[in-house]
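Observations on chain architecture
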Amino acid sequence: MSNAVRVRVPAKVNLALRVGETDEHGYHRLGTVFQALSLTDEVTVEAGRPGVYRLTFRGEGSAFLPTDDTNLATRAAKLMASRFEVEGAGCTMTIRKRIPVAGGMAGGSADAAAVLVACNELWRLGASLDELHEIGAELGADVPFLLHGGTAIGTGRGDEILPVMTRGTYHWVLALSHGGLSTPAVFREFDRVSEPRPTDIPVELLAALAEGDVAAVGAAMVNDLADAAVRLQPTLEATLQLGLDAGAAGAIVSGSGPTCAFLADSPERAELVAEALSVFSGVRAVRMAHGPVEGAKVVG
């Protein structure tokens, strides 16, 4: 067995997020378009004492993250050990965070995806991407996409992935909020104020992605959870408008929020949008990224 494996894993942004009725398990049926971004976490998994799983965080939001069995990363490692009946399994996981915590960019799911990839390598299990996808879906709806990366449609709970043809590179500005939002809380607010919507992906969005038409992509982005997120954190409305006023081609609440994502037609335009957002009191920090990028990948 290897002694340590390092995996880099991207954040995601939802270019479209349609929220439909709940299924028999109480989960909303979703129609979404994911894009993997160059804002990444780095996960190192090392061999540990049998039966012992240790998790530590560094960087963005580390102090607020659980390190026990409630964390998806620990659950991912234990699930791999159980599923493949790894004798003497145990590991130490160190996660360097750059993806915002509770920011609607799937940071927790990204870390789980990275641990699946790392344990597969560390324990030389030889699991295929399809097998990891199936295991990831048991951990969370966003985990499978973070294994694949790129740009993709997600259906069902978001865990059924279909790659999308995309032309060009997309430049993003990400406005981080002072406080996080709980995904369950946003869905509860959606249920309180909204009716389920059709989960069809806008054909205009898919056509624009295929053409690499940034302006058309920006115009076609949609998030059914945005109203609920704004109700819970009203400053998001001003953040979205500020980015548009600064020249963004499109603005959207990422996933369940509260991170706001702005699409720019060039790196230079992205710099101008970032500059405008960075001086707004409602924004804690600004990050720049590009997409699409690949999913969780061993880098050392």
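Residues numbered from 1 in each chain as written. Predicted model: local features only at pLDDT ≥ 70, side-chain atom pairs only at ≥ 80, totals over all residues. Heavy atoms only, no water.

**Some points on the side chain of Thr 151**
- With respect to the helices and strands, the residue Thr 151 is situated in strand 5 (residues 151-155).
- Classification of Thr 151 by relative accessible area gives buried; the value is 6%.
- A distance of 3.5 Å separates polar atoms of two side chains, one belonging to Thr 151 and the other to Thr 166.
- Among all residues touching Thr 151, those that are not within four sequence positions of it are Val 33, Phe 34, Gln 35, Pro 163, Val 164, Thr 166, Leu 209 and Pro 292. (Helix = DSSP H or I, 4+ residues; strand = E, 2+ residues; numbered from the N terminus. Buried < 20%, exposed > 50% of the residue type's maximum accessible area, 1.4 Å probe, protein only. Polar contact = N/O pair within 3.5 Å; in protein donor to acceptor, adjacent residues only side chain to side chain. Contact = heavy atoms within 4.5 Å.)

**Quick word on the packing of aromatic side chains**
- Taken as a whole and assessed by the stated rule, the structure comprises one aromatic pair.
- Between Phe 34 and Phe 145, the ring centres sit 4.6 Å apart and the planes meet at 15 degrees, which makes this aromatic pair stacked. Residue Phe 34 is found in strand 2 (residues 28-47), and its partner Phe 145 is found in helix 4 (residues 143-148); the two are separated by 111 residues along the sequence.
- When the ring centre of Tyr 27 is taken as reference, the NZ or CZ atom of Arg 157 above it lies at 4.6 Å. (Phe/Tyr/Trp six-rings, centres within 6.5 Å; stacked < 30°, edge-to-face > 60°. Lys NZ or Arg CZ within 6 Å of the ring centre and 35° of its normal.)

**A word on unusual backbone geometry**
- Looking along the chain, the bond that leaves Gly 257 and enters Pro 258 is cis, with omega of 10 degrees.
- Structurally, Pro 258 is set in the loop between strand 9 (250-253) and strand 10 (260-264).
- Despite not being glycine, Glu 85 has its phi angle at roughly 50 degrees, a positive value.
- Not every positive phi belongs to a glycine, and Ala 106 is a case in point at roughly 65 degrees.
- Note on placement: Ala 106 falls in the loop between strand 4 (91-97) and helix 2 (107-122).

**Remarks on helix 6 (residues 203-211)**
- For helix 6, the complete set of buried residues consists of Leu 205, Ala 208, Leu 209 and Ala 210.
- For helix 6, the elements touching its buried residues are strand 1 (4-22), strand 2, strand 5, strand 7 (170-176) and helix 7 (214-220).
- Of the residues flanking the end of helix 6, it is Gly 212, one or two places downstream, whose phi is positive at about 70 degrees.

**A word on the pattern of salt bridges**
- All told, the structure shown has 12 salt bridges when counted by the stated rule.
- The salt bridge involving Arg 29 is made with Glu 24; its shortest N-O contact spans 3.9 Å.
- Glu 24 sits in the exposed class, given a relative accessible area of 67%.
- Residues Lys 297 and Glu 294 are paired through a salt bridge, measuring 3.4 Å at the closest nitrogen-oxygen approach.
- When salt bridges with common partners are traced through the structure, they connect Arg 6, Arg 8 and Glu 42 into a single cluster. (Salt bridge = Lys/Arg side-chain N within 4 Å of Asp/Glu carboxyl O.)

**Let's talk about the pairing of strand 3 (residues 53-59)**
- Here strand 3 pairs with strand 4 via seven bridges, running parallel. Across the sheet, the residue bridging to Gly 59 is Lys 97, located in strand 4.
- Traced from strand 3 through helix 1 (residues 72-83) to strand 4, the parallel crossover comes out left-handed. (Pairing = 2+ DSSP bridges. Right-handed = clockwise from strand over helix to strand, strands pointing away.)

**Looking at the nonpolar core**
- One finds Leu 15, Leu 116, Trp 123, Trp 172 and Val 217 to be the most contacted residues of the largest nonpolar core, which totals 74 residues.
- Broken down by element, this core gets its largest block of residues, 10 residues, from helix 2.
- If near-sequence neighbours (up to four positions away) are discounted, Val 217 is found in contact with Leu 15, Tyr 170, Leu 205, Ala 208, Leu 209 and Leu 263.
- Grouped together as the second largest cluster of nonpolar side chains are 27 residues, Val 186, Phe 187, Ala 248 and Val 273 included. (Core = buried A, V, L, I, M, F, W, Y, C linked by side-chain atoms within 4.5 Å.)

**Remarks on the environment of Leu 272**
- Mapped onto the secondary structure, Leu 272 falls in helix 10 (residues 267-278).
- A sequence separation of 121 residues divides Leu 272 from Thr 151, and the C-alpha atoms of the two residues are 25 Å apart.

**Focus: helix 1**
- A rise of 1.5 Å per residue sets the reference length of helix 1, with its 12 residues, at 16 Å; its end C-alpha atoms lie 16 Å apart and thus fit the reference within 8%.
- Residues of helix 1 that are buried include every one of Leu 72, Ala 73, Thr 74, Ala 76, Ala 77, Leu 79, Met 80 and Ala 81, and no others.
- Buried residues along helix 1 sit in contact with strand 3, strand 4, helix 2 and helix 3 (129-139).
- Near the N-terminus of helix 1, the side chain that reaches the backbone nitrogen of Ala 73, with its oxygen 2.9 Å away, is that of Asn 71.
- Just downstream of helix 1, Glu 85 is the residue with a positive phi angle, here 50 degrees. (Expected span 1.5 Å × (residues − 1).)

**Observations concerning the side chain of Lys 97**
- Among the structural elements, Lys 97 can be located in strand 4.
- Residue Lys 97 is classed as buried on the basis of its relative accessible area, which comes to 4%.
- One polar contact links Lys 97 to Asp 111, side chain to side chain, over a distance of 3.0 Å.
- Beyond its immediate stretch of four places on either side in the chain, Lys 97 contacts Asp 41, Phe 57, Arg 58, Gly 59, Glu 60, Leu 65, Gly 107, Gly 108 and Asp 111.

**Quick word on the environment of Asp 200**
- Within the fold, Asp 200 resides in the loop between helix 5 (183-193) and helix 6.
- Asp 200 gets classed as exposed once you look at its relative accessible area, which sits at 59%.
- Expressed as a C-alpha distance, the spacing of Asp 200 and Val 19, which sit 181 residues apart in the sequence, is 9.5 Å.

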